[in-house]
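Given next are the chains, with one letter for each unit.
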Amino acid sequence: MVDMVNGPALALDGDPLPTEREDDGLVARLARGDQAAFDALVAAHQDRVSRLAYRLLGWSGDVDDVVQEVFLAAWKALPRFQGRSSVTTWLTRITINECRSLRRRWGRVLHREPAETGRVCSPAADSRMMNGETLGRVRRAVAALPVRHREVVVLHYLEQMPIGTVSDLLGVSANTVVVRLHRARAKLKNKLSDLMQE
Amino acid sequence: MNRDPVETLLRQADWAAGPPSASRVDLADRVRRLARRRHRTQTAVRATAAAVVVIGVGLAVHSATLRHRLDDRTVALPPPPAASPSPEEVAQLRSQLAQLQKEANDLAARIRSMTAIQEQRERLARMERAVARLESGEEVRAQMERAAFTIVYQADRMDRELGLRESALRAYRQAIRLFPETPSAKVARDRLAEINTQGDRL
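Scope of this entry: the structure provided in the associated data block. Just so we're clear, the structure is a prediction, and the values are computed from it rather than from any experiment. Counting restarts for each chain: residues are numbered from 1 in the order of the written sequence. Written order determines the labels here, with chains lettered from A and ligands numbered from 1. Given that this is a predicted model, residues contribute local features only at a pLDDT of at least 70 and side-chain atom pairs are listed and counted only at 80 or more, while totals for whole chains, interfaces and linings are drawn from all residues. Excluding hydrogens and water, the side-chain figures rest on all heavy atoms present in the structure.

**Remarks on the overall build of chain A**
(1) Moving on: A helix here means a DSSP run of H or I that spans at least four residues, while a strand means a run of E at least two residues long, and both kinds are numbered starting from the N terminus. In terms of regular secondary structure, chain A is built from eight helices and zero strands.
(2) Moving on: Counting from the amino terminus, helix and strand elements in chain A follow one another as α-α-α-α-α-α-α-α.
(3) Moving on: Expressed as a percentage of its 198 residues, the buried residues of chain A come to 48%.
(4) Moving on: Partitioning the contacts of chain A with sequence separation of at least 6, the portion at a separation of at least 24 is 68%.
(5) Moving on: On chain A, roughly 10000 Å² of surface is accessible, and the fraction owed to carbon and sulfur atoms is 50%. Accessibility here uses a 1.4 Å probe with only protein chains present; expressed as a share of the type maximum, an area under 20% marks a residue as buried, one over 50% as exposed, and anything in between as partly exposed. Here, residues are in contact when the closest pair of their heavy atoms is within 4.5 Å. Per-residue and other accessible areas follow the Shrake-Rupley method at a 1.4 Å probe size, with only the shown protein chains counted as cover for residues.

**Here we look at the packing of helix α6 (residues 147-158) of chain A against helix α8 (residues 174-192) of chain A**
Residues and elements named next belong to chain A.
(1) Moving on: Think of each axis as a best-fit line through the C-alpha atoms, taken over the contacting stretch in the case of a helix, with angles from 0 to 180 degrees between the N-to-C directions. Two numbers describe how α6 lies on α8: the axes approach to 9 Å, and their chain directions differ by 95°. Considered as vectors, α6 and α8 are oriented roughly perpendicular to each other. Touching Arg148, His149, Val152, Val153, His156 and Tyr157 of α6 are Val177, Arg180, Leu181, Arg183, Ala184, Arg185 and Lys187, all from α8. Oblique is the label for any angle not covered by the other classes, which are roughly parallel (under 35 degrees), roughly antiparallel (over 145) and roughly perpendicular (65 to 115).

**Here's the deal with helix α4 (residues 138-160) of chain B**
(1) Moving on: Expected span of a helix: the number of residues minus one, times 1.5 Å. The first and last C-alpha atoms of α4(B) sit 32 Å apart over 23 residues, in line with the 33 Å expected at 1.5 Å per residue.
(2) Moving on: Every buried residue belonging to α4(B) is among Ala148(B), Thr150(B), Ile151(B), Val152(B), Tyr153(B), Gln154(B), Ala155(B), Asp156(B), Arg157(B), Met158(B) and Asp159(B), and all of these are buried.

**What about the interface of chain B and chain A?**
(1) Moving on: Of the residues lining the interface, 39 residues belong to chain B; the matching set on chain A comes to 47 residues.
(2) Moving on: A 1.4 Å probe defines the accessible area here, and the buried area is the portion of it lost by two parts on being joined, summed over both. Interface area for chain B against chain A, summed over the two sides, is near 4000 Å², with a carbon-plus-sulfur share of 63%.
(3) Moving on: When residues of chain B are sorted by the area they lose upon contact with chain A, Leu9(B), Leu10(B) and Arg32(B) head the list and together hold 16% of the total.
(4) Moving on: Contacts described as polar in this section are N or O atom pairs within 3.5 Å, which, within protein, must combine one atom able to donate a hydrogen with one able to accept it, while residues neighboring in sequence count only if both atoms come from side chains. The tally of links from chain B across to chain A stands at eight residue pairs in polar contact (both at pLDDT 80 or more).
(5) Moving on: For the side of chain B that touches chain A, the elements supplying multiple residues, two or more each, are α1 (5-17), α2 (27-76), α4 and α5 (165-178) of chain B.
(6) Moving on: Sort the elements by how many residues they give to the side of chain B that touches chain A and α1(B) lands first, with 12 residues.
(7) Moving on: Split into classes, the residues belonging to the side of chain B that touches chain A amount to 22 nonpolar, eight polar and nine charged. Under the grouping applied here, Gly and all other residues not named as nonpolar or charged are polar, the nonpolar ones being Ala, Val, Leu, Ile, Met, Phe, Trp, Tyr, Cys and Pro and the charged ones Asp, Glu, Lys and Arg.

**Regarding the nonpolar core**
(1) Moving on: Within the largest apolar cluster, 64 residues are counted, with the highest numbers of intra-cluster contacts made by Phe38(A), Phe71(A), Trp90(A), Leu91(A), Leu188(A) and Leu10(B).
(2) Moving on: Sorting elements by how many residues they give to this core places helix α2 (residues 35-56) of chain A first, with nine residues.
(3) Moving on: Trp90(A) has contacts with Ala74(A), Ala77(A), Leu78(A), Phe81(A) and Ser85(A), leaving out every residue within four places of it along the chain.
(4) Moving on: Among the nonpolar cores identified, the runner-up in size contains 19 residues, and Leu162(B), Ala168(B), Ala171(B) and Ala188(B) belong to it. Throughout this description, the term nonpolar core refers to a set of buried Ala, Val, Leu, Ile, Met, Phe, Trp, Tyr and Cys residues connected via side-chain atoms within 4.5 Å.

**Section: the environment of Ala144(A)**
All names here are of chain A.
(1) Moving on: The topology assignment puts Ala144 in the loop between α5 (132-143) and α6.
(2) Moving on: Look at Ala144 and you get partly exposed, because its relative accessible area is 47%.
(3) Moving on: With 43 residues separating them along the chain, Ala144 and Lys187 place their C-alpha atoms 9.1 Å apart.
(4) Moving on: Excluding its chain neighbours within four sequence positions, the residues that come into contact with Ala144 are Arg150 and Lys191.

**A look at the packing of α6(A) against α1(B)**
(1) Moving on: Running from N to C, α6(A) and α1(B) point in directions that differ by 90°, and their axes come no closer than 10 Å. On the basis of the axis angle, α6(A) is roughly perpendicular to α1(B). Where α6(A) approaches α1(B), its residues Val153(A), Tyr157(A) and Leu158(A) are matched on the opposing element by Val6(B), Glu7(B), Leu10(B), Arg11(B) and Asp14(B).
(2) Moving on: Its residues placed into classes, the contact of α6(A) with α1(B) shows five nonpolar, no polar and three charged.

**Points about a nonpolar patch on the surface**
All names here are of chain B.
(1) Moving on: Patches draw on residues past 30% relative accessible area with no salt bridge. Two like charges within 9 Å are joined, as are two nonpolar side chains (Val, Leu, Ile, Met, Phe, Trp, Tyr) within 5 Å. We define a salt bridge as a side-chain nitrogen of Lys or Arg found within 4 Å of a carboxyl oxygen belonging to Asp or Glu. A cluster of nonpolar side chains, contributed by Val53, Val57 and Val61, occupies part of the molecular surface with about 260 Å² of accessible area.
(2) Moving on: Secondary-structure assignment places Val53 in helix α2.
(3) Moving on: Note on Val53: relative accessible area 53%, which makes it exposed.

**Brief notes about the packing of aromatic side chains**
Residues and elements named next belong to chain A.
(1) Moving on: Stacked, tilted and edge-to-face are the three classes applied to pairs of Phe, Tyr and Trp rings, where Trp contributes its six-membered ring and a pair requires centres within 6.5 Å; stacked means planes under 30 degrees apart, edge-to-face means over 60, and tilted covers the rest. Under the counting rule described, the total for this entry stands at two aromatic pairs over all chains.
(2) Moving on: Their ring planes at 65° and their centres at 4.8 Å tell us that Phe38 and Trp75 sit as a pair that is edge-to-face. Of this pair, Phe38 sits in helix α2 while Trp75 sits in helix α3 (residues 64-77); the two residues are 37 residues apart in sequence, bridging distant segments of the chain.
(3) Moving on: With a relative accessible area of 1%, Phe38 lands in the buried category.
(4) Moving on: For Trp75, a relative accessible area of 28% gives the class partly exposed.

**A closer look at the side chain of Glu98(A)**
(1) Moving on: For Glu98(A), the location among the structural elements is in helix α4 (residues 87-106).
(2) Moving on: Residue contacts for Glu98(A): discarding those within four places in its chain leaves Glu69(A), Val70(A) and Ala73(A).

**Here's the deal with a positive patch on the surface**
Residue and element names in this part refer to chain B.
(1) Moving on: A residue counts as positive if it is Lys or Arg and as negative if it is Asp or Glu; His and the chain ends are not included. Taken as the charge centre is NZ of Lys, CZ of Arg, CG of Asp or CD of Glu, depending on the residue. A surface patch of like charges, here positive, comprises Arg33, Arg36, Arg40 and Arg121.
(2) Moving on: Looking at which element gives the most residues to the positive patch, the answer is α2, with three residues.
(3) Moving on: With respect to the helices and strands, Arg40 occurs in helix α2.

**Some remarks on unusual backbone geometry**
All names here are of chain A.
(1) Moving on: Although it is not a glycine, Gln160 adopts a positive phi angle of roughly 60°.
(2) Moving on: Within the element layout of this structure, Gln160 appears in the loop between α6 and α7 (163-170).
(3) Moving on: Since its relative accessible area comes to 27%, Gln160 is described here as partly exposed.

Pasting the structure below:
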């Protein structure tokens, strides 16, 4: 059983996050203005940032522009980055802020349905797979959550971050994260109870 | 073990949504170019704005000076009927005013032009990138890899999380058959070999 407050952070799809040692090396090189270090930073974190942005924006749309803006903000903030937090945490905070800015600019969560992903499930598996209509319901339910609730849901359930890590990222107490999760769960259960298998 | 139904539903939705768009290999270069371009634009806009302010202040001061001079002349001139500056002075002042107005208009036009040029450059850069992707076949290859990746990604989840081994095997074989040259097809081959090895051991 993973310690949900202090356990290790692991992305949902099993990709290991860049290690602290790798990040320390990068921070030192970035501080020296090593251009190749920025290339390495982008290569190491691009997929993770893309996946996080995709989830924070409701699994819709092309997140290329958002990812570009995240790394552009990181490039501009490099002179001020002192390595007090890990590069992973730093980039995650930037990604969260960029997604918030995008939602403020557009005034809504992007609701464009994702393109067909080429599902190959057999008929026998249909009962456990999710069709487009159900996915749409779940997405709308998550999109209807207040921004602060949606963020904790994505970070804790989908990014598999412990409560402590989520509270550090968002700059709120662990208790606040727990309360937001509790309220988000109640709202999701209210809207999607027929889809949940207890 | 009873899994949290909310978490299970969210993870299913995340899986069904598929992965985001494929990663771009030139992202670091694009970021640096974009940073330089925006810095140049901001510098140009600030310099132009400063020039406009200076000219505006200059115009205001000049106008105040002109009014002061006209007032002085008016006071110094003898009483009516015809106390007015000479035609040459009036013509000279009008000419100076016209010149300043022209400079202000030119500056405003340059600002508008620079803004339009910047917008066109950005549009052109976006179009060039799109054309380059199409011409190099990169977009097609990226789409193929994305499709193969999606199939293998879902096959992994079917095998490892839902226990649907047969469906996963069909998916791996489909990825290899449809997109044999992609990196994800290699991953699918590795997965099949691994599963076959496990089967031999049993």
